[in-house]
Amino acid sequence: MKNTEISMQNVTALAKRRGFIYPGSEIYGGLANTYDYGPVGTELLRNIRNLWWENFIHRRDDIVGLEASLISHQEIWKASGHTSGFADAQVDCKNCKLRMRADHLIEDALNGKNVEGLAIEELDEIIEQNKIKCPNCGKSSWTKVRKFNLLFPVNLGIVEGDQSLAYLRGETAQGMFVNFKNVIESTRVKLPFGIAQLGKSFRNEITPGNSVFRTLEFEQGEIEYFFDPNESNWEDLFENWKNSIWSFITEKIGINNKNLRWREHTDKERSFYSKKTEDLEYNFPFGFKELWGLAYRTDYDLSQHEKGSGKELRINNPQTNEKKLPHVIEPAVGINRIFLMILCDAYREEEGRTYLKLNPKIAPYKAAVFPLLANKEELVSKAKEIYKDLRESIMVTFDDRGNIGKRYLYQDEIGTPFCITVDFDSLSDDSVTVRYRDTMEQDRIKISELKDFIEKKTR
Ligand code: GAP
């Protein structure tokens, strides 16, 4: 089922028009599956990151942060299984040379048919049996399905022939596993505890479209939550994580829970080492898609790195004096997918007006200050005085371009919850007009109470 009320085209047009997202390398014709974040989008992205970090690290006493290198040793990715198993099944149209992920080709042609976990021969059979046509040229002439690895190799060193292979990380998670011993030895953590990381990951994705949903480089927020399976019940931990994720998305970010659902992975699609995996899915305009994955990965990753590195990663249980590898539950989210979900969920077209009904806590600007007329010096200087005072502690913007209607239009489309206008009465009554984005209602508020008023509504 698709969230048909919102058109993806309208959301992406607004995102470009108002400085949320621009296509990557645009003046050189663009670079597929890359995007740049504009001034307004950059603020929104920072607010999402900060909220995630504050909620899962600062407000808890059992999770610590980490920032690992983006370029990492090839052996890490061999041990984790990424060099052999981290691959997408792809097909090429023999006629127009379009390259597509086989699962996406089938999903699009056969009404969302779920083919996750199927072997490449099974995908070939489905494409052939259904005579699936190329979405670009309309012919049905495909190569056999082949697997392509998603990792980005990098050559270190400048002398040709003397270079060594490393990889841009394909997920942040491995940074937590390879630093597990470092964290244990350098901090006071004890099981159960988590290591969290927020940062870029890189995957050689080929499927274009749907804005920042799937890109070559993206930001992940991942937590590896380590525990002793004899002392903590994994089912309880898994349920607790589901609740934490749900309340973060609905209460902190403010997403409508009607557009969210949990979906458990089938036996075929779940990784062989995972005992249970569930995805929190959001109802994007192009259908319910994965936003946040939650997986019980047993002790697979640590044991792989123990084997791969030859270093002991076991920890001692002081009660039993037994050395064991902890197990792990991993909540993993894409920050850019949260970003896109927020834009889709907030987008409103009502009575000829377009606005973003953003939660004030994550809105790029909390308020905008205007002088009623740009050519009246006394109004401009009063408005600037108010703006500078608010700017000390609140993210505010100043605008004296065009007329008030145009300024409201702009602020509505970037989701600014409050617009403050300084008019001639302000000069004598020390009050301003505050206009609310969602209702367009207006209140008169004393300038001396303004800061407090906005802070209370946006923190
Ligand atoms: N460590 C587990 C892991 O990386 P994943 O499901 O591949 O799991 C986790 O990625 C999350 O990262 C996804 O739920 C999604 O939100 C985000 N993500 C994955 N690939 C992405 C891409 N190419 N572009 C944007 N976000 C992506």
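Being a predicted model, the structure only gives us computed values, none of them experimental.

Turning to the overall build of the protein chain, a few remarks are in order. If you tally the helices and strands in the protein chain, you get 15 helices and 24 strands. By principal-axis analysis of the C-alpha atoms, the protein chain measures approximately 75 × 65 × 50 Å. Out of the 459 residues belonging to the protein chain, those deemed buried represent 52%. For the protein chain, the proportion of contacts with a sequence separation of at least 24, taken over those separated by at least 6, is 65%. Put simply, the protein chain shows about 22800 Å² of open surface, and 46% of that area lies on carbon and sulfur atoms.

This paragraph deals with the environment of valine 333. Inspection of the secondary structure puts valine 333 in strand S17 (residues 327-334). Between the C-alpha atoms of valine 333 and asparagine 243, which are 90 residues apart in sequence, the distance is 15 Å.

Turning next to helix H5 (residues 102-109). Judged by how many residues are buried, H5 sits mostly within the fold: 6 of 8 residues are covered. Residues of H5 that are buried make contact with strand S5 (87-92), strand S6 (99-101), helix H6 (120-129) and strand S14 (287-298). A positive backbone phi angle near 55° is found at asparagine 111, which sits one or two residues after H5.

On to the sheet that holds strand S12 (residues 260-264). The strand order across the open sheet built from 7 strands is S3-S10-S11-S17-S14-S13-S12, with neighbouring strands paired in mixed fashion. Strand pairing shows two members of the sheet lacking a second neighbour, strand S3 (63-66) and S12, which therefore form its edges. In this sheet, neighbouring strand axes are inclined to one another by 25° on average, regardless of whether the strands run parallel or antiparallel. Relative to S17, strand S11 (residues 217-227) runs antiparallel, the two sharing 6 bridges. When the bridges of S17 are listed, glutamate 222 appears paired with alanine 332.

Near the ligand, the surroundings consist of 18 residues, among which Glu171, Arg203, Glu222, Glu290 and Leu291 are the closest. Between the ligand and phenylalanine 213, the relevant distance is 3.5 Å, taken from a nitrogen atom to a main-chain nitrogen or oxygen of the residue. One of the side-chain nitrogen or oxygen atoms of glutamate 290 is found 2.5 Å away from an oxygen atom of the ligand. Across the complex, the protein chains shield 89% of the 560 Å² of accessible surface that the ligand would expose by itself. Taken together, the elements giving at least two residues each to the shell around the ligand come down to S11, S14 and S17. If one sorts the elements of the shell around the ligand by residue count, S17 sits on top with 4 residues. The residue makeup of the shell around the ligand, split by class, is 6 nonpolar, 4 polar and 8 charged.

Another point: the sheet that holds strand S24 (residues 442-446). The 5 strands lie next to each other as S21-S20-S22-S23-S24, forming an open sheet whose pairing is mixed. The outermost strands of the open sheet, each flanked by one partner alone, are strand S21 (396-398) and S24. Adjacent strand axes in the sheet meet at a mean angle of 25°, parallel and antiparallel pairs treated alike. Here strand S22 (residues 418-422) pairs with strand S23 (residues 431-436) via 4 bridges, running antiparallel. Within S23, the position partnered with cysteine 419 by the bridge is arginine 435. Helix-sheet contacts for helix H13 (residues 404-413) involve strand S20 (367-371), S21, S22, S23 and S24, and the interaxial angle to S20 is about 170°. Along the sheet, helix H15 (residues 447-458) makes contact with S20, S22, S23 and S24, crossing S24 at roughly 120°.

A word on helix H9 (residues 234-252). With 19 residues, H9 extends 26 Å between its outermost C-alpha atoms, agreeing within 8% with the 27 Å of an ideal straight helix rising 1.5 Å per residue. Within H9 the residues assigned to the buried category are Trp234, Leu237, Phe238, Trp241, Lys242, Ile245, Phe248, Ile249 and Thr250. At the N-terminal end of H9, a side-chain oxygen is found 2.7 Å from the backbone nitrogen of glutamate 235, two or three residues along, and the residue is asparagine 233. Trailing H9 by a residue or two, glycine 254 shows a phi angle of about 85°, which is positive.

Next up on the list: the environment of lysine 366. In this structure, lysine 366 sits in the loop between strand S19 (353-356) and S20. The exposure class of lysine 366 is buried, given its relative accessible area of 10%. As a C-alpha pair, lysine 366 and leucine 291 span 75 residues in sequence and 26 Å in three-dimensional space. Setting aside its immediate chain neighbours within four residues, lysine 366 contacts Asn47, Pro360, Lys361, Ile394, Met395, Thr416, Pro417, Phe418, Ile454 and Thr458. In this structure the side chain of lysine 366 is engaged in a polar contact, spanning 2.8 Å, whose partner is the backbone oxygen of alanine 363.

Let us now look at the pairing of S11. With respect to burial, S11 is a largely interior element, 10 of its 11 residues being buried. As paired elements, strand S10 (residues 193-202) and S11 share 10 bridges and run antiparallel to each other. Its bridge partner lying in S11, isoleucine 195 is registered against glutamate 224.

The rules we used
- Residues numbered from 1 in each chain as written.
- Predicted model: local features only at pLDDT ≥ 70, side-chain atom pairs only at ≥ 80, totals over all residues.
- Heavy atoms only, no water.
- Helix = DSSP H or I, 4+ residues; strand = E, 2+ residues; numbered from the N terminus.
- Buried < 20%, exposed > 50% of the residue type's maximum accessible area, 1.4 Å probe, protein only.
- Contact = heavy atoms within 4.5 Å.
- Areas by Shrake-Rupley, 256 points an atom, 1.4 Å probe, with all protein chains shown as cover.
- Pairing = 2+ DSSP bridges.
- Axes fitted to C-alpha atoms, helices over the stretch in contact; angles between N-to-C directions.
- Near = heavy atom within 4 Å.
- Polar contact = N/O pair within 3.5 Å; in protein donor to acceptor, adjacent residues only side chain to side chain.
- Nonpolar A, V, L, I, M, F, W, Y, C, P; charged D, E, K, R; others polar.
- Expected span 1.5 Å × (residues − 1).

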